[in-house]
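Listed below, chain by chain, are the residues.
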Amino acid sequence: MNLLSRVASAALLVGLAPGLVSAQIVEATSVPPAPAFDAQGEPVFVNRSDVFEYRALESYAEPDFVAEFVAAGLLPPVAERLPAEPLVYKAGNMPDGPGVYGDVMRHVIGGRPEGWNYIAGNSQGWGGIDIGMFECLTRTGPLFMVNSEDLAPMPNLAKDWEWSEDGMSLVVNLIEGAKWSDGDPFDADDLVFYWDHHVMDPEITPLNGASQGTFGEGSTMEKTGEFQVTFTFTTSRPEAVLYAMAYGTFCPGPSHILAPEHPANSDNSYEDYRNAFPPEYLNFPVMGAWVPVEYRSDDIVVLRRNPYYWKVDDAGNQLPYLNEMHYRLSTWADRDVQAVAGTGDFSNLEQAENFVESLRRAADPDSPARLAFGPRTIGYSMYMNFSGNGWGEPDERRQAIRELNRNADFRMGLTQVIDRVRLGESLVKGPFTAEYPGGIYAGTSFYDADSTVFYPYSLESAAAHFEAAGLTDTDGDGFLNHPAAVLGGANVQVTLLSNNEYATDGNLAEGIVAMMEEAGIQVALNSLAGNDFDATRDAGRYDWMVRRNTSEYITVIQRPTDLAPVGPQTAWMHMANEAGEIDLMDFEAEMVDVINAFVATNDPTERAELMKTYQRLHTENVYSVGLTAYPGALIINKRFSNIPPGAPIFMYNWAEDNIIRERVFVASDAQSDNELHPGTLPGAPGGTGPMMAN
Ligand code: GLA
Ligand code: CA
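Residues numbered from 1 in each chain as written. Chains lettered and ligands numbered in written order. Predicted model: local features only at pLDDT ≥ 70, side-chain atom pairs only at ≥ 80, totals over all residues. Heavy atoms only, no water.

## Concerning the coordination of the calcium ion (ligand 2)
Part 1 of the argument: Only D473 (OD), D475 (OD), D477 (OD), F479 (O), N481 (OD1) and N491 (OD1) from the protein coordinate the calcium ion (ligand 2), and they sit 2.2 to 2.5 Å from it.
Part 2 of the argument: For the calcium ion (ligand 2), the six donor atoms in the first shell make angles of 73 to 171° at the metal, a pattern classed as irregular.
Part 3 of the argument: Written as a sequence motif, the donor arrangement for the calcium ion (ligand 2) is D-x1-D-x1-D-x1-F-x1-N-x9-N. Here D473 is found in the loop between α14 (459-468) and β18 (493-499), whereas its partner N491 is found in the loop between α14 and β18, with 18 residues between them in sequence.
Part 4 of the argument: Taking the relative accessible area as the measure of exposure, D473 reaches 27% and is therefore partly exposed. (Donors = N, O, S within 2.8 Å, 3.2 Å for Na, K, Ca; no water. Tetrahedral: all angles 85-135°; square planar, octahedral: opposite > 155°, others 65-115°. Helix = DSSP H or I, 4+ residues; strand = E, 2+ residues; numbered from the N terminus. Buried < 20%, exposed > 50% of the residue type's maximum accessible area, 1.4 Å probe, protein only.)

Rendered as structure tokens:
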């Protein structure tokens, strides 16, 4: 490593009398080069219009067993269940061509469903359940294979859209005549219910952070037709909103079932509303390809094909091809093990601890699964709670830590405590992990190495920064103390929130605790299962947290508003207090300006420049302490066809979206007999399970 180090007295930096402090600050430098690691498999790049179109076909077809329901008078004919112009996947873009019906994709997940009320903040347990149940206005997962000149969100429930001449409003046309899985019409009222009573309702914290700030402060949305809504904005042509209309932030729920339970229309509390559709409530209406028909606690969730699904292949076959989806309720590590062994069908190999064994087993030519690594898009950071004005009602100790978190020297000290080489190797040896300073990932389109500041590992320099932040070991027990005026000069004690569903999160958190201890900072782990982790984070009850990053650091354009605390409730590391006030530090305010300018321009050069400024502000001021970044691999059973080459496990979305599961199929001679409810379809909402034709 070529460290540009400088002999500088920390005392000079903080204006103390020289001689008081002898430790030396090691200056920031550039990021050390990452070991070469080539992605396996290149996407076949296409334009969005090569993938699908909306049009009426001469005739439509469905699986034979579904036709029996029609014959028995239990279901309208397929042509009546489909919209006038369904979404039609083009055969030319299907890697293995049009498919055949049948079989199951067996997923294994580490999360647990809280219930089906997705838009009120219920988690379904992740791992692709919600992605398969809820469709969104636009779609981003498949963009990994879209030509850069054509890069923009794909239409989905939103068939097309048009900007007004001044760019201040956007008319969105919805697919017409599509139905929820129980046959109820999907229309603009579903969107209005979502917008008015969720996005705009501060009592509801949606899962992935959609709030008004996500669409730009002051934006509105109104129904302007049975199948049309119109957005208005306070800046001209904020194209990023089209990405905010995709997975996570704009996937409406079935208003015909939800609205009667919402506090606006009932005596329910918000908590009652959120929990009105527990996992035991079966046949919850969806717009996605599969509907939950069976739930056994800590065991399995089974979903069956949605007979009203509004997508077809170009021969008119109603999708999906796969009749069933399983989600075994186990652990994330078990997902890797089962996928490699062939008892599960799919995994995002993302826990670096499992790389070596999974690679070894997949290398066997008789292995039931294929495994392909993608780019380095899995990365972790440590975030510090920046609210100094009361979010989550901190006690005195927490408040003292938040004030430290807001101190630049403290943060520079923290980042220099982290030995990223050792941390990466504690997960997996080999060319996988790269030292990650935080912010935009190396190798992605908005990354600029020259704008990235890296504070190298140096305990000595960290000590100097901590001293500059007022922390010294006054009682000589090896741990740094607060100044006498704070908490009576007690030892600094910090809690670190981490998600115990993943070995990686746990190992990184333990690595941080150990490294902090070497630097004289006592850290206690608060390690919680996913749903509790989310609740604790969203309530602001943490000092620091370890978190696997989401797409904003990869694609940037997708949700730029996640890159800085642009609104009172948009950033997990810095939320407003009860009064709605957010106490931004100067560099955060600068970051917010940069992001707002980014959202307001569509000029590529300007955008690139703004992101350079963002990256510098983020890394120089240590907005987050980057930890490690590495590639993940998609593991998928060899019997599946139509898996797009080069599909990354994570880019614009997770692989469960990227591979377009509704057009994945299993060739007739390769089909398994794994269906648990063959010959059945989803029944009535809230009903006991699937229904039979006779
Ligand atoms: C979890 C898993 C990911 C992916 C997502 C899908 O976060 O860890 O690999 O399956 O769910 O939402
Ligand atoms: Ca001490």
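Picking up where we left off.
## Quick word on the side chain of R639
Part 1 of the argument: Position of R639 relative to the elements: it lies in the loop between β22 (633-637) and β23 (640-641).
Part 2 of the argument: There is a polar contact of 3.0 Å between the side chain of R639 and the side chain of D103.
Part 3 of the argument: With residues up to four places along the chain from it excluded, the contact list for R639 reads D103, V104, R106, D345, F665, V666, A667, A670, S672 and N674. (Polar contact = N/O pair within 3.5 Å; in protein donor to acceptor, adjacent residues only side chain to side chain. Contact = heavy atoms within 4.5 Å.)

## Observations concerning the pairing of strand β8 (residues 220-225)
Part 1 of the argument: Note: β8 against strand β9 (residues 228-232), five bridges, orientation antiparallel. From the neighbouring strand, M221 faces β9, where its bridge partner is F231.
Part 2 of the argument: Where β8 hands over to β9, the hairpin turn is made up of two residues, counted between the paired strands. (Pairing = 2+ DSSP bridges.)

## A look at the site of ligand 1
Part 1 of the argument: Around ligand 1, the neighbouring residues are W126, G127, G128, W332, R335, N348, E350, Y502, R548, W654 and E656.
Part 2 of the argument: Isolated, ligand 1 exposes 300 Å² of accessible area, and the fraction of that covered by the protein chains is 97%. (Near = heavy atom within 4 Å. Areas by Shrake-Rupley, 256 points an atom, 1.4 Å probe, with all protein chains shown as cover.)

## As for the nonpolar core
Part 1 of the argument: In terms of nonpolar packing, the biggest core is built from 186 residues, with F231, F250, L414, F466, I521, W544 and Y614 touching the most fellow members.
Part 2 of the argument: No other element matches helix α18 (residues 586-600), which puts seven residues into this core.
Part 3 of the argument: Among all residues touching F466, those that are not within four sequence positions of it are F410, G413, L414, V417, L471, L480, A519 and I521.
Part 4 of the argument: Judged by nonpolar contacts, the second largest core, of seven residues, contains V66, F69, L681 and A693. (Core = buried A, V, L, I, M, F, W, Y, C linked by side-chain atoms within 4.5 Å.)

## A short note on the sheet that holds β9
Part 1 of the argument: The four strands lie next to each other as β6-β7-β9-β8, forming an open sheet whose pairing is antiparallel. Where the open sheet ends on each side, the last strands, each with one partner, are β6 (158-163) and β8. In this sheet, neighbouring strand axes are inclined to one another by 25° on average, regardless of whether the strands run parallel or antiparallel.
Part 2 of the argument: Relative to strand β7 (residues 169-174), β6 runs antiparallel, the two being bridged by five bridges. Its bridge partner being in β7, W161 is matched across the sheet by V172.
Part 3 of the argument: Lying on the sheet, helix α5 (residues 188-199) is in contact with β7, β8 and β9; it crosses β8 at an angle near 165°. (Axes fitted to C-alpha atoms, helices over the stretch in contact; angles between N-to-C directions.)

## Some thoughts on helix α12 (residues 408-417)
Part 1 of the argument: The buried count for α12 comes to nine of 10 residues, which makes it a mostly enclosed element.
Part 2 of the argument: Of the positions making up α12, those classed as buried are D409, F410, R411, M412, G413, L414, T415, Q416 and V417.
Part 3 of the argument: With a side-chain oxygen positioned 2.9 Å from the backbone nitrogen of D409, the residue opening α12 is N407.

## Thoughts on the pattern of salt bridges
Part 1 of the argument: In this structure the tally under the stated criterion is 34 salt bridges.
Part 2 of the argument: Linking R48 and D150 is a salt bridge whose minimum nitrogen-to-oxygen distance equals 3.2 Å. With R48 in the loop between α1 (10-14) and β1 (52-54) and D150 in the loop between β4 (138-139) and β5 (154-155), this residue pair connects regions lying 102 residues apart in the sequence.
Part 3 of the argument: The partner of R559 in a salt bridge is D562, and the shortest N-O contact between them spans 3.0 Å. Across the pair, exposure class does not vary: R559 and D562 are buried alike.
Part 4 of the argument: Residues participating in the shared-partner salt-bridge network are E135, R139, K311, D657 and E662. (Salt bridge = Lys/Arg side-chain N within 4 Å of Asp/Glu carboxyl O.)

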